[in-house]
Amino acid sequence: MSRSRVRGPSSALREFLRSHGITVDGNGRPGLSRSRTTSTASNVESTAEDNDEERSEGVDSENGTSSLQQDNSLAENDESSNALSTRTRKLTKRQLKNKKRQEAMAFEEQENDDEAVQGRTGHSYRNRPTPGNLDFCPKCNCRFTVTPYSKYSEEYKGWLCFPCTRDLNTPDSKPIARKRRALNRKKKAAAVMDEELNVPRLQELCIRVVAKYINDIEALGDIGQVNMDKICQIISKNRSLTDTTLPLFLTAQQVELKLYDCSKLSNTSLLNIAQYCPHLTRLHLVYCGQMREDTLRFYADHFTELQDVYIGGAFLVDAQSWSYFFEKRGAQLKRLYISDTARLTVNAVNSLVDHCQNLQVLSLERIFSMNNEHVRLLAGLKHLTSLSITNPGSSVEDSSVLDVLNQIGSGLTTLCLANCSLLTDKVLLEGIGPCCGRLKHLDLTGLELLTEDSTANMFAGWTIQTGLETLHLCRCIYLGDKTVHAVLANSGNTLRVLDLNGLSYVTRAALKYLSGFKCPKLETLDVSWIRDMNDEIICDFESTTPSLKKVLVWGDNHVLVNSQKFLLIGREVQ
């Protein structure tokens, strides 16, 4: 009886299996036809003979073939299942074999390319790990992340981490060398600004080392007052003067003490100065903001030999304590400097004038409560040779200053009225000109109300004195060429310091006249923010003024060349 060829509906899985020669019986179990099984077994056997390297494949194939030949009594579905697994293994390992063959060919090609590159660089960037991957540095054995900037080392045969790359001396380190050269240029420019061009002496280097490790030093020993003062300046600049380091500068035999930054010293440490150094004749305390009334009174009771006092920033000390100090020590004081306080009242100044009649030098800087009444009282100090009233605010006028100059101006050799912004031409024409015949040092910085004609007339008719040594006209904004000509005619032969900073009305003609005028003693010249200053005038100064040591040219954008004769500070190229 012939089998019917009519078939019912079949699923997609049955059609897929049938297309691969797999039949499914009525129980739903897959199987292969006898002919399909035989051909599969023979293919496995031939593959095993051709591939001696893959012994596992050959063994599996032979075992599968022998099992098919010996066990003919197995069911047809078992034979088809064994043949299916054999075919699957054969296809997978064939793919693996092809993959290995392709990798071997690619490796040979890569080695050939690397040999051509290694002739120049010694390594191949084809082998660089992918950026972002982790690798181990062959030099320090640390784990690092590979970046596109990682360097290859022929010495260690591997890619280096960033710290080791930075230390590697390769041709790629040229940018680092350029950075070092730029840093050296900045250091040289800073040295020019600080006027430290000369090679330091061994003594200065030792002082810097001591100042650097000041916190580790137990005693400075007998190094001299000059060296001790230099160390104090350095550590004050670094804000290292504290309650711990202060005892290094205090000795019982000491007669002079200068502390340049007392901002970190407590009131107790400031009080201990009088206990450790009772024989001081000169005491300078800068930025002593923590000083209180009891400390100043303690100084008045214990410093019996004090002659020179500088107290700056003692804004907590009241007027009664100042008066007590002047009453106790005023008779022996010869130099007095007070700055940065608002508690020096009229009563305190009156006590100063009454008890400090031997004062020769008086400096009142940034006394914010100072007014005309304060200034008028200073006329009672008949022995003054130096008077400085700086930054008093906006309440000191011409009348009070004229009263003082009319009384004591004839004995003054130094007068500083810097930033007394309300002063006018009257101070020049009625005070300084007719009264100050011995004046050698004059500072008129920031007097913006001075006019060109009055200032020029004062210097031109100032015949009672023999010439100034230092003159500061900084930011007297209305002064110009006439003033320069009058100043040179009056004091050109004696000037050592001339400050014309910010005189924008000074023209190129006046600067040429200044450069051609013979000033045999001129050492420092400030012509900053005068836009007509240029390289030609600098060259003229080199040839006509051999005594010149320093020229400041801040804001003079036409000055580009450097000078071989003197120190030129403020060029834009610096």
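Quick summary incoming for the structure in this document. (Residues numbered from 1 in each chain as written. Predicted model: local features only at pLDDT ≥ 70, side-chain atom pairs only at ≥ 80, totals over all residues. Heavy atoms only, no water.)

### Considerations on the overall build of the protein chain
A count of helices and strands for the protein chain gives 19 helices and 19 strands. Counting over 574 residues, the protein chain shows a buried share of 41%. Contacts in the protein chain between residues far apart in sequence, at least 24 positions, make up 69% of those at least 6 positions apart. (Helix = DSSP H or I, 4+ residues; strand = E, 2+ residues; numbered from the N terminus. Buried < 20%, exposed > 50% of the residue type's maximum accessible area, 1.4 Å probe, protein only. Contact = heavy atoms within 4.5 Å.)

### Structural notes on unusual backbone geometry
Of note in this structure, R239 is not a glycine but carries a positive phi near 55°. Following the sequence through the fold, R239 ends up in the loop between α8 (225-237) and β7 (256-259).

### Concerning the pattern of salt bridges
Applying the stated criterion across every chain yields a total of 14 salt bridges. Between D261 and R239 there is a salt bridge, with the nearest N and O atoms lying 2.4 Å from each other. In this pair, D261 sits in the loop between β7 and α9 (267-276) while R239 sits in the loop between α8 and β7, placing the two residues 22 residues apart along the sequence. Given the relative accessible area of 46%, R239 is considered partly exposed. The partner of E293 in a salt bridge is R343, with the nearest N and O atoms 3.9 Å apart. You can see E293 sitting in helix α10 (residues 293-302) and its partner R343 sitting in the loop between β10 (335-341) and α12 (346-355), a full 50 residues away along the chain. For R343, a relative accessible area of 36% gives the class partly exposed. (Salt bridge = Lys/Arg side-chain N within 4 Å of Asp/Glu carboxyl O.)

### Structural notes on the packing of aromatic side chains
Under the defined criterion, the tally for this structure stands at seven aromatic pairs. On the basis of an interplanar angle of 25° and a centroid distance of 6.1 Å, the ring pair of W322 and F326 is categorised as stacked. One end of the pair is W322 and the other is F326, both in helix α11 (residues 319-329) and four residues apart, which spans about a single turn. Note on Y513 and F517: the rings are 5.8 Å apart at their centroids and 50° apart in plane angle, and the pair reads as tilted. Members of the aromatic cluster, each reached through a chain of ring pairs, are W322, F325 and F326. The ring of Y324 is capped by R297, whose NZ or CZ atom sits 4.9 Å from the centre of that ring. (Phe/Tyr/Trp six-rings, centres within 6.5 Å; stacked < 30°, edge-to-face > 60°. Lys NZ or Arg CZ within 6 Å of the ring centre and 35° of its normal.)

### Regarding the nonpolar core
Counting residues in hydrophobic clusters, the biggest one holds 116 residues, and the most contacted among them are F249, L259, I273, Y299, L362 and I432. Excluding residues that lie within four positions of it along the chain, I432 makes contacts with L405, L415, V427, L439, L442, L444 and W462. Judged by nonpolar contacts, the second largest core, of seven residues, contains C137, V146, C161 and C164. (Core = buried A, V, L, I, M, F, W, Y, C linked by side-chain atoms within 4.5 Å.)

### Overview of the side chain of S491
Of note, S491 is situated in helix α17 (residues 481-491). Residue S491 is classed as buried on the basis of its relative accessible area, which comes to 2%.

### Side note on helix α15 (residues 425-435)
Within α15, the full set of buried residues consists of D425, V427, L428, G431, I432, G433 and C435. Residues of α15 that are buried in the fold lie against α14 (398-408), β13 (414-416), β14 (441-443) and α16 (452-460).

All we've got here are geometric facts, nothing functional implied.
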